[in-house]
Amino acid sequence: MINLSGKNAIVTGSSRGIGKAIAIKLASLGANVAVVYAGNREKADETVAEIEQLGVKAKAYSCDVSSMNDAKNLVTEVIADFGGVDILVNNAGIVKDGLILSMKEEHFDSVINVNLKGTFNMIKSTYQHFMKKRSGRIVNISSIIGINGNAGQANYASAKAGIIGLTKSAAKELAARKVTVNAVAPGFIETDMTAAMPEKAKEAALAAIPMKRVGAGEDIANAVAFLVSDEASYITGEVLKVDGGMAI
Ligand code: NAP
């Protein structure tokens with residue numbers, strides 16, 4: 001049985017969607033959670049309230065993970081508020097889809113900056129803290145799109161593939177200090193992000209899932225809970241697909 005009592009977790013992008021499900025799952029296993037959001041204070045407060053009902057500590061933090069300054073300030077604040085960080089989940093992400101031919105340069109840059117650079121910024125900002133503690137868990141949310149690519153998502157696929165390279169590099173750097181770094185690659189999960197997809201694209205995605213159901217945030221949260229647990233202490237640099245078989 002996974003027990004995260006007394007652990008402090010930062011979950012980026014936990015005001016909504018997959019991040020919220022991860023934050024609630026970790027809290028249900030005993031972790032205190034720093035709920036990080038970009039602009040949606042109301043939703044972040046809802047996540048905090050749900051976590052507090054589970055009898056652990058939670059606080060909402062506004063932070064644009066694509067800014068190194070914001071990331072550094074966030075980590076300093078969380079350490080002051082919670083007394084330390086044991087778990088970092090880099091989940092914050094955005095999409096700005098389009099074929100390469102018509103993709104605006106700023107849409108390529110912003111997707112790289114939030115998804116990939118944001119993950120780098122958060123790892124860099126917690127790095128020394130984890131090194132000193134000689135323990136820690138980092139889980140980065142990639143995507144099966146980062147493994148397989150996708151027409152219309154060159155920016156997103158590049159960012160999510162980059163996260164896999166970043167995960168493996170950080171895993172090698174931090175392994176000797178007993179800090180594990182893994183990635184979870186979700187398939188098609190029902191959230192605001194996928195709700196915005198055209199109906200036809202949704203139907204095609206569902207048809208490509210051997211398990212014939214769309215995933216839920218909880219499916220991803222269960223995988224993250226395992227990877228941050230003591231039970232996963234010998235797993236690092238791994239990319240765990242959670243996709244109902246979509247990328248087989
Ligand atoms: P979502 O519902 O759109 O939620 C995105 C979350 O990220 C929100 O909490 C948002 O905060 C936060 N965020 C956005 N930009 C940010 C920034 N610059 N700094 C800090 N936080 C920021 O997305 P989701 O579907 O849950 O996706 C979560 C992660 O899973 C993403 O990395 C996504 O790429 C990945 N993923 C999703 C799927 C899927 O099918 N849904 C599949 C594979 C991978 P606000 O609420 O304040 O805006």
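Computed from a predicted structure; not experimentally measured. (Residues numbered from 1 in each chain as written. Predicted model: local features only at pLDDT ≥ 70, side-chain atom pairs only at ≥ 80, totals over all residues. Heavy atoms only, no water.)

Caption draft 1: Focus on the packing of helix α3 (residues 68-82) against helix α4 (residues 105-133). Direction vectors running N to C along α3 and α4 enclose 40 degrees, while the axes themselves pass 8 Å from each other. Relative to α4, the element α3 is oriented oblique. Handedness of the α3/α4 crossing: right-handed. Here α3 contributes Met68, Ala71, Lys72, Leu74, Val75 and Ile79 to the contact with α4, which in turn contributes Phe120, Asn121, Met122, Lys124, Ser125, Thr126 and His129. Its residues placed into classes, the contact of α3 with α4 shows seven nonpolar, four polar and two charged. (Axes fitted to C-alpha atoms, helices over the stretch in contact; angles between N-to-C directions. Helix = DSSP H or I, 4+ residues; strand = E, 2+ residues; numbered from the N terminus. Parallel < 35°, antiparallel > 145°, perpendicular 65-115°, else oblique. Left-handed = near helix turned anticlockwise from the far one by under 90°. Contact = heavy atoms within 4.5 Å. Nonpolar A, V, L, I, M, F, W, Y, C, P; charged D, E, K, R; others polar.)

Caption draft 2: Just the sheet that holds strand β4 (residues 87-90), in detail. A sheet is described by the order of its strands in space; here seven strands give the open sequence β3-β2-β1-β4-β5-β6-β7, paired in parallel fashion. Two strands bound the open sheet, and with one partner strand each, they are β3 (58-62) and β7 (239-242). Taking each pair of neighbouring strands and ignoring which way they run, the sheet shows an average axis angle of 20 degrees. Of the strand pairs in this sheet, strand β6 (residues 179-186) and β7 are connected by four bridges, and their pairing is parallel. What sits directly across from Ala183, in β7, is Val239. Packing of α3 onto the sheet brings it into contact with β1 (8-12), β2 (32-37) and β3, and relative to β3 it is tilted by some 160 degrees. (Pairing = 2+ DSSP bridges.)

Caption draft 3: Expanded view of the nonpolar core. Core analysis: the largest hydrophobic core is formed by 34 residues, its most contacted members being Ile22, Leu26, Val184, Ile220 and Val224. Those elements that place two or more of their residues in this core are β1, α1 (17-28), β2, α2 (41-52), β3, β4, β5 (136-141) and α9 (217-227). Other than its neighbours up to four places away in sequence, Ile220 contacts Ile18, Ile22, Ile141, Val184, Pro186, Ile189 and Val242. Of all hydrophobic cores here, the second largest spans 25 residues; its members include Ala71, Leu74, Val75 and Ile138. (Core = buried A, V, L, I, M, F, W, Y, C linked by side-chain atoms within 4.5 Å. Buried < 20%, exposed > 50% of the residue type's maximum accessible area, 1.4 Å probe, protein only.)

Caption draft 4: Fine view of the site of the ligand. Around the ligand, a shell composed of 32 residues is seen, among which Ser15, Arg16, Asn91, Tyr156 and Thr191 lie nearest. One of the backbone N or O atoms of Gly187 is found 3.4 Å from an oxygen atom in the ligand. Taking 910 Å² as the accessible area of the ligand by itself, protein coverage stands at 93%. Mapped by element, the contributors of at least two residues to the shell around the ligand are α1, α4, α6 (154-174) and α7 (192-195). Element by element, the count of residues in the shell around the ligand is highest for α7, at three residues. Residue classes in the shell around the ligand are distributed as 14 nonpolar, 14 polar and four charged. (Near = heavy atom within 4 Å. Polar contact = N/O pair within 3.5 Å; in protein donor to acceptor, adjacent residues only side chain to side chain. Areas by Shrake-Rupley, 256 points an atom, 1.4 Å probe, with all protein chains shown as cover.)

Caption draft 5: Up close: the environment of Val139. Mapped onto the elements, Val139 comes out in strand β5. By relative accessible area, which is 1% here, Val139 ends up buried. It is 11 Å that separates the C-alpha atoms of Val139 and Ala9, two residues lying 130 residues apart in sequence. Not counting chain neighbours up to four residues away, the residues in contact with Val139 comprise Leu88, Val89, Asn90, Asn182, Val184, Val224, Leu227 and Val228.

Caption draft 6: Fine view of the packing of aromatic side chains. A full pass over the atoms with the stated rule returns one aromatic pair. With centroids separated by 6.5 Å and ring planes inclined at 45 degrees, the aromatic side chains of Tyr61 and Phe82 adopt a geometry described as tilted. Highlighted residues: Tyr61 in strand β3 and Phe82 in helix α3, separated in sequence by 21 residues. Taken as a pair, Tyr61 and Phe82 share a single burial class, namely buried. (Phe/Tyr/Trp six-rings, centres within 6.5 Å; stacked < 30°, edge-to-face > 60°.)

Caption draft 7: How the structure looks around the packing of α4 against α6. One can describe the packing of α4 onto α6 by two numbers: an axis separation of 8 Å at closest approach and a directional angle of 15 degrees. With respect to α6, the element α4 is oriented roughly parallel. Crossing hand, α4 versus α6: right-handed. In this structure, α4 uses His107, Phe108, Val111, Ile112, Asn115, Leu116, Thr119, Phe120, Ile123, Tyr127 and Met131 to contact α6, whose residues at the interface are Ala154, Asn155, Tyr156, Ser158, Ala159, Lys160, Gly162, Ile163, Leu166, Glu173 and Leu174. Looking at the contact of α4 with α6, its residues break down into 14 nonpolar, six polar and two charged.

Caption draft 8: Representation of the pattern of salt bridges within the structure. Counted according to the given criterion, the structure contains eight salt bridges. Between Glu46 and Lys43 there is a salt bridge, and its shortest N-O distance comes to 3.8 Å. Taken as a pair, Glu46 and Lys43 lie in helix α2 at a separation of three residues, close to a single helical turn. Overall, the relative accessible area of 34% leaves Glu46 in the partly exposed class. Residue class for Lys43 comes out partly exposed when judged on its relative accessible area of 34%. A salt bridge links Lys59 to Asp81, with the nearest nitrogen and oxygen atoms 2.9 Å apart. Linking Lys59 in strand β3 with Asp81 in helix α3, this pair joins segments that are 22 residues apart in sequence. Owing to a relative accessible area of 35%, Lys59 belongs among the partly exposed residues under this scheme. (Salt bridge = Lys/Arg side-chain N within 4 Å of Asp/Glu carboxyl O.)

All quantities given are derived from atomic positions and should not be read as evidence of function.
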